[in-house]
Amino acid sequence: MGTLQNAKILLAVQRLGSISKAAQELNISQPTVSVILKKIESEVEGDIYYHNERPIKLTPLGRMLSHQFEKFVELDDQTKNYIKTFKKGFLPSFFSNWNR
């Protein structure tokens, strides 16, 4: 459930309202997206989207999970930016007062 790939998949499905469109955007197969969504549902023991609605809409459980996944993806993006900045010889602002 908590992998970065899973987070990005659920967020793409939510944003695009379609498993096939999410798969296309993420350059993975539609069956892979479906399997991952089923795996997430198994882990949280509940439906994360309404299976009979098109476009796909998340259930309250799915929306809560999506909200958490947004934070996860944002933190990953921020960390990657900090690493790039660090490698260029600059420290992110929160390190400015950091002592060894």
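Residues numbered from 1 in each chain as written. Predicted model: local features only at pLDDT ≥ 70, side-chain atom pairs only at ≥ 80, totals over all residues. Heavy atoms only, no water.

**Let's talk about the overall build of the chain**
Looking only at helices and strands, one finds four helices and zero strands in the chain. The N-to-C order of helical and strand elements in the chain reads α-α-α-α. Within the chain, buried positions represent 30% of all 100 residues. Restricting to contacts in the chain with at least 6 residues of sequence separation, those with at least 24 account for 48%. (Helix = DSSP H or I, 4+ residues; strand = E, 2+ residues; numbered from the N terminus. Buried < 20%, exposed > 50% of the residue type's maximum accessible area, 1.4 Å probe, protein only. Contact = heavy atoms within 4.5 Å.)

**Considerations on the packing of helix α1 (residues 4-16) against helix α4 (residues 60-87)**
Across the interface, α1 lies against α4 with an axial gap of 9 Å and an inter-helix angle of 120°. Judged by the inter-axis angle, α1 sits oblique to α4. Every pair of crossing elements has a handedness; the one defined by α1 and α4 is left-handed. Residues Leu-4, Asn-6, Ala-7, Lys-8, Leu-10, Leu-11 and Gln-14 of α1 pack against Gly-62, Leu-65, Ser-66, Phe-69, Glu-70, Phe-72, Val-73, Asp-76 and Lys-80 of α4. (Axes fitted to C-alpha atoms, helices over the stretch in contact; angles between N-to-C directions. Parallel < 35°, antiparallel > 145°, perpendicular 65-115°, else oblique. Left-handed = near helix turned anticlockwise from the far one by under 90°.)

**What about the environment of Tyr-50?**
By secondary structure assignment, the location of Tyr-50 is in the loop between α3 (30-44) and α4. Classification of Tyr-50 as partly exposed rests on a relative accessible area of 36%. Note: C-alpha distance between Tyr-50 and Pro-60 (ten residues apart in sequence) is 9.9 Å. Residues within four places of Tyr-50 in sequence aside, it is in contact with Lys-57, Leu-58, Thr-59 and Pro-60.

**Considerations on the packing of α1 against α3**
Interaxial distance between α1 and α3 falls to 10 Å at its minimum, and their mutual angle equals 105°. In terms of axis orientation, α1 runs roughly perpendicular to α3. Here Gln-5, Asn-6, Ile-9, Leu-10 and Val-13 of α1 lie close against α3, whose contacting residues are Val-33, Ile-36, Leu-37 and Ile-40. Residue composition of the contact of α1 with α3, by class: seven nonpolar, two polar and no charged. (Nonpolar A, V, L, I, M, F, W, Y, C, P; charged D, E, K, R; others polar.)

**Some details on helix α2 (residues 19-26)**
Buried within α2 we find Ile-19, Ala-22 and Ala-23. Seen along its axis, α2 keeps its buried residues to an arc of 100°; they face one direction. Close packing links the buried residues of α2 with α1 and α3. At the exit of α2 stands Asn-27, carrying a positive phi of roughly 60°. (Arc of directions from axis to C-beta.)

**Quick look at the pattern of salt bridges**
Side chains carrying opposite charge are able to pair once their charged atoms draw close together. In this structure the tally under the stated criterion is two salt bridges. With its nearest N and O atoms 2.6 Å apart, the salt bridge here joins Arg-15 to Glu-25. Note that Arg-15 is positioned in helix α1 and Glu-25 in helix α2, a separation of ten residues in sequence. What makes Arg-15 exposed here is its relative accessible area of 54%. (Salt bridge = Lys/Arg side-chain N within 4 Å of Asp/Glu carboxyl O.)

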